[in-house]
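Chain by chain, the residues:
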Amino acid sequence: MEDLAEVTIDHARKLGAEFADLRLEHEAGTNIVVMDGKTKTMSAQTESGCGIRAFLGGAWGFAVTNTLTRASLRSAAEAAVRMAKAGRSRTKINFGILPSKSVRVRETYRCRERPSSVRLEEKVEFVLSLDRSIRISDPRISSANSRYDDLEVTRTIANSFGTLARIEERWTLAACSAWAKSEGVVQKGHASVGNVGGYELMRRDESAAVGDQAAAQALRLLDSKPAPAGKFTCILDQKMTGLMAHEAFGHACEADAILAGASVLENRVGKRVADESINLYDDPTMKSTFGYFSLDWEGVKARRHSLIENGVLKGFMHNLETGSRMGTASNGSARAQSYNTPPIIRMSNTFIGPGTWKKDELFDEVRKGLLLQGSQYGYVEPAKGQFMFKCDEAYEIRNGELGQRHRDVSLSGVILDVLNNVKAIADDFVLTDPGYCGKGGQIARTTDGGPHICITDVVVGGLS
Amino acid sequence: MADIIQLAERTVKHVMKLGASHCDVLVADSTHIVAEIEKSSIKQASEISDIGVCIRAFRNGCSGFAYSTGHDFDVVKRVARLAFSQASAGTPDPDFRDLPEPRRTVRVSGLFDKKLASLEPDDVVEMAISLSDTASADKRITSVNAGVGVGWGEAALVNSNGIRGFQKMTAFEISAEAVARSGRSMFSAMDGGSTRRLDLGLIDRIGENAKNHALMGLKQARLSTGDLPVIFDPLSIGFILLGAIGGGANADSIQRKRSYLAGRLGQTIGSPGLTITDDPTVAWSSGSYSFDGEGVPAKKKVLMGNGKLRSYLYDSYTSAKDSVENTGNSSRGGALWSFRHQPSISCSNLIVNEGDFRFDEMVRETGEGVFLRTTFDHPNLATGDFSGLMMESYLIHKGELGPSLKQSTIGINLIDLFSRVDMVGKDSVDAFGVMTPPLRISKARVAGSG
């Protein structure tokens, strides 16, 4: 396949591409869903295909084929160049792609037990056991959903700078949702584990506990009340801090948003954008995490990004294009969901670094406020600098003590305000649950994290 | 056409020979051309060819699903073995009765537009440029990020009961985000739309809307927390209804008692002015089809009639479990069906019946309140509670639209939302597959930083 990749890149160059790259992938995966004691869906995927890009004077052409013959790859290269020419004729922004260091590597990401080597029946029994753990936990459990995913990918990356790399990547994930019902009230809980690696993760105690965690959360929420609305001092747990790091700042630090004129962080490198206690990182090199990779999807070596240091914006996440246009090199942040989508700038493991406070000291600081715990989802509009994220559960804080439990609490804020309102950061850093981030119609596996933090003047949305 | 139907038929025979009790096979072949605009300039043009086969095999009521790219029959045979082994490894399911039987076909017009399918990459690039030019036609617009996508494809669906269906479909999708600046003020607004035919008027409408709202939002205000009437734009109520009804009325969630609509069939859950149907037969709508993802002929059904919950959304499995008629709501994902998508329950096109009010009348009548144009939050389907960010919203003051609202949220239970609808607009727009006019509710909890 490496030979075919190089021949195809050469063909695109001969047709006029100033730069060309491709990703040629084989994917095989399994998905098992068990609902209420029975397998609901059992699925297997087998994908092969190639996505090729051609660049010409400021415009990209992208073409995809899932027929991996020499002829079809040549044809896809021709289509990519044709598309680039169609774009170049009307582009208003002209630039070139700065040469990057070529990489010739073959690497297999750490995996002790390949998912494909594990019998399907064993995987099914594992998911059934998660389902059982939910359903037997309490008679108030009314429904259960347990899921297992694995994927094995062989990705060949080649470009006209001479890069030719082959990555063998495997990842596994288990996730559970539980519904509990009491006196007409239904509540839902969820939990998950996952990482880049093999089936060995599923054999650990933390994986077996996922069902119990989901059930416990659903049961806890049964006596919760709808959330209050208004402005509060809030303590965010590690999951919510991670979600905030990702949504509130991570997306705005993606350099494609800067070039699109759609980020409030434009022209702010070197300036203070957060309280000086804030350090924000995106680090794909943390092994055994769900956001791990060593080589990005453009063939650039991944590295840790220090985005905010002591409250000062230090830089952005770049790919080959943004690095070229902004006068710096790519720092290995390009990722694609699959061969049939073009690489775009994505986060990996995004987190706020630990502070010096003890967690209990944070609570002592709050006379009246909310503890926001567990993350559901969030989104951001980097142009306005506005973000929203939703937590699983919230608790009133009165004079440092936890009180009434609330559900469906959403938190909204403005990027340039929120991190200036940080009052204290605890020292209890953790990288939390795996998740998927959506952008440009693609999803990427990610992890977020951080310590407990205390923020003032947070706008909380609720029903009461 | 003949080739992919023959491949589907041959595959069904092969799966049944392996020992499956039932199976269905989808063979799909599609092409997409997409042009993307970044900061008012063409950034990328793409051509994506996507062909593949998916197989759903059953054994002891358990289904196994497998798919592969390509149409090579040797690969398809491997996929068949995978699907069958998946079905064999699962638990028996006595609730599975049968796959659909062949029924009289329904002819739905407006699924395929020859003009759209004959577009060249240059044509799509020109449309994207036109969209960008429209959206940036004001010196205060500093950036437009947009995309135009066209797609065409064909899908053959065959099952072991003799269903043999073939559909050709096209898709046209447009989105635009405009960023406006004036002094220290900055605001962005988006719009989007989809149809199955080439509609150049849609490009103008989306571009104009993105531009006009970006400019409208430059004047900004903060809101204090309180209860206020809210007018929902089709973009915001369409997005909410997609989850609230499209997800909430899913019969599988109902049967598992995971939805706030479980046990409410026949009950009044909305105001008398609110009627919502699911209709896959609407010409040129993106969610239309002549048969659903299991081969059941398309049909229109009322989900909420004058505020009363009339029906859930069923596929073959859930309808058999409830011993009711299958509503034909099995989806294969998106306007162009995908072999990667397992059959699952989904709405087709949700239609909210129009009322009598023009938008300006609704604003005038409201006096003091909020106009919510966009939100991207999802309701909690277990409880029906909805709380989220008002991504783009405006103050209504003295019967007129005022400044955009900074950092404000809305919270309401969905049953309250439906019940408090007291004005239904007369001008519908297709938003996220929901054809809806603006709706006004008498009050919701809104929170702000003011």
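Residues numbered from 1 in each chain as written. Chains lettered and ligands numbered in written order. Predicted model: local features only at pLDDT ≥ 70, side-chain atom pairs only at ≥ 80, totals over all residues.

Examining the overall build of chain B
The secondary structure content of chain B amounts to ten helices and 23 strands. Scaling as 2.2 N^0.38, a compact globule of 450 residues should have a C-alpha radius of gyration of about 22 Å, and chain B matches this with 23 Å. Dimensions of chain B, computed from the C-alpha atoms along their principal axes, are close to 70 × 55 × 35 Å. Counting all 450 residues of chain B, 61% fall into the buried class. Partitioning the intrachain contacts of chain B with sequence separation of at least 6 by distance along the chain shows that 74% fall at a separation of at least 24. (Helix = DSSP H or I, 4+ residues; strand = E, 2+ residues; numbered from the N terminus. Rg over C-alpha atoms; globule rule 2.2 N^0.38 Å. Buried ≥ 20, exposed ≤ 12 C-beta atoms within 10 Å, placed from the backbone. Contact = placed C-beta atoms within 7 Å.)

What about the overall build of chain A?
Looking only at helices and strands, chain A features ten helices and 22 strands. Its C-alpha atoms give chain A a radius of gyration of 23 Å, within 12% of the compact-globule value 23 Å for 464 residues. Projected onto the principal axes, the alpha-carbon positions of chain A cover approximately 70 × 55 × 35 Å. Within chain A, buried positions represent 61% of all 464 residues. A sequence separation of at least 24 residues applies to 75% of the contacts in chain A between residues at least 6 apart.

Focus on the domain arrangement of chain A
Residues and elements named next belong to chain A. Per the domain assignment, the segments of chain A are domain 1 (2-223) and domain 2 (225-461). Each of domain 1 and domain 2 was reduced to a C-alpha centroid, and the two centroids are 22 Å apart. Listed by partner, the interface residues are 37 residues for domain 1 and 32 residues for domain 2. Residues belonging to the side of domain 1 that touches domain 2 are distributed by class as follows: 17 nonpolar, twelve polar and eight charged. (Domains from an automatic or database assignment. Nonpolar A, V, L, I, M, F, W, Y, C, P; charged D, E, K, R; others polar.)

Here we look at the nonpolar core
Residues Ala80 of chain A together with Ile55, Ala83 and Ala128 of chain B are the most contacted members of the largest nonpolar core, which totals 285 residues. Counting residues per element, this core draws most heavily on strand β6 (residues 164-182) of chain A, which supplies ten residues. (Core = buried A, V, L, I, M, F, W, Y, C linked by C-beta atoms within 7 Å.)

Thoughts on the domain arrangement of chain B
The accessible area lost on association of the parts is a frequent measure of interface size. Residues and elements named next belong to chain B. If you check the domain split of chain B, you get domain 1 (2-216) and domain 2 (221-450). Taken over C-alpha atoms, the centre of domain 1 sits 23 Å from the centre of domain 2. Every contact between the two is made by 44 residues of domain 1 and, on the other side, 33 residues of domain 2. Elements that contribute at least two residues to the side of domain 1 that touches domain 2 include exactly β1 (22-38), β2 (41-59), β3 (62-69), β4 (141-159), β5 (164-182), β6 (185-195) and α5 (200-216). In terms of residues, the side of domain 1 that touches domain 2 owes the most to one element, β6, which gives six residues. For the side of domain 1 that touches domain 2, a count of residues per class yields 21 nonpolar, 14 polar and nine charged.

Notes on unusual backbone geometry
Residue and element names in this part refer to chain B. For Asn306, which is not glycine, the phi dihedral falls at a positive 50°. Mapping Asn306 onto the fold places it in the loop between β10 (301-305) and β11 (308-309). What makes Asn306 partly exposed here is the crowd of 14 C-beta atoms within 10 Å. For Gln407, which is not glycine, the phi torsion reads 45° and is therefore positive. Structurally, Gln407 is set in the loop between β18 (400-406) and β19 (409-413).

Some thoughts on the sheet that holds strand β11 (residues 305-309) of chain A
Residue and element names in this part refer to chain A. Reading across the sheet, the six strands line up as β12-β11-β10-β15-β21-β20 and stay open at both edges, with mixed pairing between neighbours. Every interior strand has two partners, whereas the edge strands, β12 (312-313) and β20 (430-439), have only one. Bridge count between strand β10 (residues 280-282) and strand β15 (residues 349-352): three bridges; the pairing is antiparallel. In the sheet register, Leu280 faces β15, and the bridge partner there is Ile352. In this fold helix α6 (residues 238-250) packs onto β10, β11, β15, β20 and β21 (442-450), with an angle of close to 125° to the strand it touches most, β21. (Pairing = 2+ DSSP bridges. Axes fitted to C-alpha atoms, helices over the stretch in contact; angles between N-to-C directions.)

Quick look at the sheet that holds strand β22 (residues 434-436) of chain B
Residues and elements named next belong to chain B. What the six strands build is an open sheet, ordered β11-β10-β9-β14-β22-β21; its pairing is mixed. Here the strands that pair on one side only, and so sit at the sheet edges, are β11 and β21 (429-431). Sheet topology note: the strand β14 (residues 350-352)/β22 ladder contains two bridges and is parallel. Each bridged residue has a counterpart across the sheet, and for Leu350 the counterpart in β22 is Val434. Its contacts with the sheet put helix α6 (residues 234-247) on β9 (276-278), β10, β14, β21 and β22, and the angle it makes with β22 is roughly 130°.

Things to note about the environment of His26 of chain A
Residues and elements named next belong to chain A. Mapped onto the elements, His26 comes out in strand β1 (residues 19-35). Take His26: there are 17 C-beta atoms within 10 Å of it, and that puts it in the partly exposed class. Taking the C-alpha atoms as reference points, His26 and Ser116, separated by 90 residues in sequence, lie 14 Å from one another.

Let's talk about the environment of Gln44 of chain B
Looking at the secondary structure, you find Gln44 of chain B in strand β2. For the pair Gln44 of chain B and Val34 of chain B, spaced ten residues apart in sequence, the C-alpha separation works out to 8.0 Å. For Gln44 of chain B, the residues in contact, after removing those within four places along its chain, are Ala59, Trp60, Phe62, Gly87 and Pro342 of chain A together with Glu36 of chain B.

Considerations on the pairing of β20 of chain A
Direction of pairing for β20 of chain A relative to β21 of chain A: antiparallel, over a ladder of eight bridges. By the bridge assignment for β21 of chain A, Lys439 of chain A is matched with Gln442 of chain A.

Concerning the confidence of the model for chain B
The predicted model of chain B has a mean per-residue pLDDT of 96, with 100% of residues at 70 or higher. Here the prediction assigns the complex a pTM of 0.92, and the interface score ipTM is 0.90. (pLDDT = per-residue confidence, 0-100.)

Looking at the interface of chain B and chain A
If you look at the interface, chain B gives 68 residues, while chain A gives 69 residues. In terms of residue class, the side of chain B that touches chain A is built from 25 nonpolar, 30 polar and 13 charged. Of the pairings in the sheet, the one linking strand β2 (residues 38-56) of chain A to β3 of chain B comprises five bridges and is parallel in character. In the sheet register, Ala44 of chain A faces β3 of chain B, and the bridge partner there is Ala66 of chain B.

Let's talk about the environment of Ser311 of chain B
Residue and element names in this part refer to chain B. Along the chain, Ser311 falls in the loop between β11 and α8 (316-322). Sequence-wise, Ser311 and Ala249 are 62 residues apart; in three dimensions their C-alpha atoms are separated by 7.7 Å. Ignoring anything within four residues of it in the chain, the contact list for Ser311 reads Lys301, Val302, Leu303 and Thr327.

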